[in-house]
Amino acid sequence: VEETYIMIKPDGVQRGLVGEIISRFERKGFQLTGLKLFQCPKELAQEHYKDLQSKPFFPKLVDYITSGPVVCMAWEGVGVVASARKLIGVTNPLNAEPGTIRGDLAVQTGRNVVHGSDSPENGKREIALWFKEGELCEWTPVQEPWLKE
Ligand code: GTP
Ligand code: MG
């Protein structure tokens, strides 16, 4: 089944947006399979964003992600990776559509409140990176027959 790693970044936690952001994925109908508040060590932030390590903003990005606790989440569902990216909106919040998380709740690329995996492969990779075995739950939501025909 398709899975994505969603993370509320330290600005989202500090600004009290945790409930609001979780609600958007919950109400959409995706299934939560992992959730924790976590202070990210520098090495993990570097590994998570390793594809960006040559970018000039990389040190600032690592400082940002490690500047306070983040909320780590695993969500599953058919098409969840691309759909979550749509719910989140484009990287620069000023260009993100109203109705998206970044479009509604943020103004700067360097403070864009939430992360979402960019492919199903990276969804699996990132969930394995951020969660230990035993931290993820397999369960059947009671609303399933009302979500899927
Ligand atoms: P993520 O979901 O966090 O991976 O964002 P994204 O997929 O929309 O963008 P990308 O993977 O290209 O960049 C990762 C993160 O690096 C962004 O979400 C920003 O927080 C940060 N970032 C990207 N580009 C810039 C930039 O030009 N300046 C700064 N300060 N940060 C940037
Ligand atoms: Mg990305």
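Thresholds applied
Residues numbered from 1 in each chain as written. Chains lettered and ligands numbered in written order. Predicted model: local features only at pLDDT ≥ 70, side-chain atom pairs only at ≥ 80, totals over all residues. Heavy atoms only, no water. UniProt positions renumbered as here; feature names shortened; annotations may be inferred. Helix = DSSP H or I, 4+ residues; strand = E, 2+ residues; numbered from the N terminus. Contact = heavy atoms within 4.5 Å. Near = heavy atom within 4 Å. Polar contact = N/O pair within 3.5 Å; in protein donor to acceptor, adjacent residues only side chain to side chain. Areas by Shrake-Rupley, 256 points an atom, 1.4 Å probe, with all protein chains shown as cover. Nonpolar A, V, L, I, M, F, W, Y, C, P; charged D, E, K, R; others polar. Salt bridge = Lys/Arg side-chain N within 4 Å of Asp/Glu carboxyl O. Buried < 20%, exposed > 50% of the residue type's maximum accessible area, 1.4 Å probe, protein only. Axes fitted to C-alpha atoms, helices over the stretch in contact; angles between N-to-C directions. Parallel < 35°, antiparallel > 145°, perpendicular 65-115°, else oblique. Left-handed = near helix turned anticlockwise from the far one by under 90°.

- The chain is annotated in an unreviewed UniProt entry as Nucleoside diphosphate kinase of Dorcoceras hygrometricum.
- Its UniProt record, at the heading Function (unreviewed entry), says of the chain: "Major role in the synthesis of nucleoside triphosphates other than ATP. The ATP gamma phosphate is transferred to the NDP beta phosphate via a ping-pong mechanism, using a phosphorylated active-site intermediate."

What about the environment of Phe 38?
And then number 1: Note that Phe 38 resides in strand 2 (residues 31–38).
And then number 2: A sequence separation of ten residues divides Phe 38 from Lys 28, and the C-alpha atoms of the two residues are 25 Å apart.
And then number 3: Sequence-distant contacts of Phe 38, defined by excluding residues within four places in its chain, comprise Leu 44, Pro 69, Val 70, Cys 72 and Trp 130.

A look at the site of ligand 1
And then number 1: The full set close to ligand 1 counts 15 residues, and Lys 9, Tyr 49, Arg 85, Thr 91 and Asn 112 are the nearest of them.
And then number 2: Within the contact set of ligand 1, an oxygen atom lies 2.7 Å away from a side-chain nitrogen or oxygen of Tyr 49.
And then number 3: A distance of 3.1 Å separates an oxygen atom of ligand 1 from a polar side-chain atom of Arg 102.
And then number 4: When isolated, ligand 1 has an accessible area of 590 Å², and the protein chains bury 76% of it.
And then number 5: For the shell around ligand 1, the secondary-structure elements that each account for two or more residues are helix 4 (58–65) and strand 4 (114–116).
And then number 6: Counting residues per element, the shell around ligand 1 draws most heavily on helix 4, which supplies three residues.
And then number 7: Residues of the shell around ligand 1, tallied by class, amount to five nonpolar, six polar and four charged.

Observations regarding the pattern of salt bridges
And then number 1: Following the criterion strictly, the structure yields seven salt bridges and no others.
And then number 2: With a closest N to O distance of 3.3 Å, Lys 50 and Glu 47 form a salt bridge.
And then number 3: What makes Lys 50 partly exposed here is its relative accessible area of 35%.
And then number 4: Classification of Glu 47 by relative accessible area gives partly exposed; the value is 33%.
And then number 5: Of the charged contacts in the structure, one is a salt bridge between Glu 47 and Arg 125, with a shortest N-O distance of 3.9 Å. Placement of Glu 47 in helix 3 (residues 42–48) and of Arg 125 in helix 7 (residues 120–130) is noted, with a sequence separation of 78 residues between them.
And then number 6: Judged by its relative accessible area of 26%, Arg 125 falls in the partly exposed class.

Quick word on the packing of helix 2 (residues 18–28) against helix 5 (residues 80–88)
And then number 1: Look at helix 2 against helix 5: their axes get within 11 Å of each other, and the N-to-C directions meet at 135°. What the angle tells us is that helix 2 and helix 5 run oblique. As for the relative orientation of helix 2 and helix 5, their crossing is right-handed in sense. On helix 5, the residues that touch Arg 24, Phe 25 and Lys 28 of helix 2 are Ser 83, Ala 84, Leu 87 and Ile 88.
And then number 2: Here the contact of helix 2 with helix 5 is composed, by residue class, of four nonpolar, one polar and two charged.

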